[in-house]
Amino acid sequence: MSNCLMELNRILCRLLFPILFLTCAALFAQNNQTVLPADWDKLQELDRIFLESGLAVPFRTRPYSIEELKFYLKRINPSRLSPAGRQSLRTLNADLKQRSLYSEEGALAFNTTLTLNLESYLHSDSSPELWLYGYEERLSMVSVPLELWLFDTLYAHTTIDIKEGYRVTRLNPDNYFNVFSLENNITEADWNFPFRAFFALGGEHWLFQLGRDQLNWGNGRTGNLMLSDYADYYDGVRFTTFWRRFKFTTAYIVLQPWLLPGETIDGAGDGPDNDFVNNGDLYKAFFGHRFEFNFFDRLNISLAESVTFGNKYPELSDFNPFMLYHNWFIPERANSLMTLDFELNPAKRLNIYGQFAIDEFKTSKDAGGVPNAMGYLGGIEGFIPLGYGYLDMGAEAVYTDPWFYHDWYPLLQHTTRRRIHTAYHDYGSGQYDWIDKPLGYFTGPDTILQSYYIGYSLSCRFQNLLELRIIHHGRIRRAGDDSTATTFSVDFDPNSADLKTPTGTPEVKWIIRLHLSIHPTKSLTLSSDLYSLWIKSYLNTQGDNRRDLQWVGSLSYRF
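Scope of this entry: the structure provided in the associated data block. (Residues numbered from 1 in each chain as written. Predicted model: local features only at pLDDT ≥ 70, side-chain atom pairs only at ≥ 80, totals over all residues. Heavy atoms only, no water.)

Here's the deal with the pairing of strand 3 (residues 108-112)
Regular strands have side chains that alternate between both faces of the sheet.
Reasoning step 1: Burial of strand 3 is one-sided: the residues A109 and N111 facing one way are buried, the residues L108, F110 and T112 facing the other way are not.
Reasoning step 2: As paired strands, strand 2 (residues 102-104) and strand 3 are joined by 3 bridges and run antiparallel to one another. The residue bridging E104 from the neighbouring strand is L108, located in strand 3.
Reasoning step 3: If you look at the hairpin formed by strand 2 and strand 3, you'll find 3 residues sitting between the two strands, and E105 has a positive phi there, around 55 degrees.
Reasoning step 4: Where strand 3 meets strand 5 (residues 142-150), 5 bridges bridge the pair, whose relative direction is antiparallel. Across the sheet, the residue bridging to L108 is L150, located in strand 5. (Buried < 20%, exposed > 50% of the residue type's maximum accessible area, 1.4 Å probe, protein only. Helix = DSSP H or I, 4+ residues; strand = E, 2+ residues; numbered from the N terminus. Pairing = 2+ DSSP bridges.)

This is how it looks when you write it as structure tokens:
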């Protein structure tokens, strides 16, 4: 009898396995773990249809996976949308459908595309350091993304980019095009690609991602205060779980621990009067978590905390994603930062938002010692449907204290530094240079920024925007500003703790931008940007005023 049962089991397995495999293949033909870019070009349309539906915008921890976006879009009732809103919804759904160049039985798929970009740059002042459309905005000459799907569980991505190097856009006065010959100008190419290279593993309500990608935590239109996409990329691991009224995200990012001349491992000294103690390890990393909640459908409140580790390799306890990081009390090797965000939809098509960051705060016992190091961001945005398009308008203001993101020791500052291979140098010799950027807001500390904009967009066909930015930047500048970089010197000058933004003789910038883009076909994009720049006290030199008129034109075609 037992032999008969065993034989029956074998027969059933042989019959059922192909059926189950084909069924699973059909189910997994669509891979929802695809991770969209953090600056996905449909984000504004996504926000609009939620605000038009009387809902708070989706949680602002990006990038999103297709699984997450589809989950959010289930809440949208098309009947509550205007014709422009329904058109935006159709555009979003069409963009979320994956296409593969090659697939096997719906379980394994591969896709790639080729995008060619031609850009031209002109301005009235020949100084390259005045460019407003810089390395972060400029398009690659050639971009080739490679994507791989396995069932509905695993997604892998890498992008091959051929573009100009970081320093070329800032130091080459003859830089008028993004097209160059690799044979004759090989040293002007950026050989630090890929900037997106990762795999993602996920399922319903969760995603795990390992590798290199952009991240963006916050609700600002011009940037955010904790973790922004201003850095060129992040290497690390992140986990997120998303629900209707709650989202949790944690990320561990490895940061390059390079030290420049003048930044000694001995720091300010190892005496008892200094928080810094030399542990001898060149190590730096970011660890953060973010809790997001939705109340009454119209209000999002988010609490995030991060810690920048440095000067000592991590311990097991450092990987606890639910710890209150500040309460480790380890200033010798960690610097914590906390943000509180809110977004409110008080009326249809209106969004009021804000973000508050605490890097350091001064108590009565700290008089003349550790200064306040805080950041504030707030804004309002709204839109009016006009036919199949929208008229958008909004305003945003940002304030950062003079010592925001700074610390006694370079490896504890809330910044990222990466070494690049380049023929254009600012430091040292050889073929390497170093790029410093804040992890959070792009201007760094000691800044007051105002932004006002109005524009009209017709879904997938036409966008135009008129924006005015007014920036007051004091003498304590962001890391990487070659002319005015300042270190944290509170221990040496107690009076510096009482400095107010903007410090010294500030640099004042008035920037007017007019943007226009047209999409004649789904594959072709034509765009133009015109900037008018006026700077008072250029590079903090009293009374020196400069003006510049800049134009950028681009043509992009995706095959």
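We are not done yet, so read on.
Quick notes on empty space enclosed by the protein
Reasoning step 1: Taken as a whole, this structure holds 6 cavities of 30 Å³ or more when the rule is applied.
Reasoning step 2: When its volume is computed, the largest cavity comes out at roughly 90 Å³.
Reasoning step 3: Lining the largest cavity are 14 residues; nearest its centre among them are G211, L215, G236, V237 and R238.
Reasoning step 4: Secondary structure elements with two or more residues in the lining of the largest cavity: strand 8 (206-213), strand 10 (234-242) and strand 11 (246-255).
Reasoning step 5: At 5 residues, strand 8 tops the list of elements feeding residues into the lining of the largest cavity. (1 Å grid on protein atoms, 1.4 Å probe; cavity = no way out; pocket = protein on both sides within 12 Å on 5 of 7 lines; lining within 4 Å. Points joined across faces, edges and corners; volume = space filled by probe spheres on them.)

A short note on the packing of helix 2 (residues 43-52) against helix 3 (residues 66-73)
Reasoning step 1: It is the contact of helix 2 with helix 3, at a shortest axis distance of 12 Å, that shows an interaxial angle of 20 degrees. One finds that helix 2 runs roughly parallel with respect to helix 3. Handedness of the crossing formed by helix 2 with helix 3: left-handed. Residue-level inspection shows L46, I49 and F50 of helix 2 in contact with helix 3, the latter providing L69, Y72 and L73.
Reasoning step 2: By residue class, the composition of the contact of helix 2 with helix 3 is 6 nonpolar, no polar and no charged. (Axes fitted to C-alpha atoms, helices over the stretch in contact; angles between N-to-C directions. Parallel < 35°, antiparallel > 145°, perpendicular 65-115°, else oblique. Left-handed = near helix turned anticlockwise from the far one by under 90°. Contact = heavy atoms within 4.5 Å. Nonpolar A, V, L, I, M, F, W, Y, C, P; charged D, E, K, R; others polar.)

Quick notes on the pairing of strand 24 (residues 545-558)
Reasoning step 1: Summarising the sheet, strand 4 (residues 115-123) and strand 24 pair through 9 bridges and their orientation is antiparallel. By the bridge assignment, L122 is partnered in strand 24 with W551.
Reasoning step 2: In this sheet, strand 24 lies alongside strand 23 (residues 524-536) in antiparallel orientation, the contact comprising 13 bridges. Its bridge partner being in strand 24, L533 is matched across the sheet by D548.

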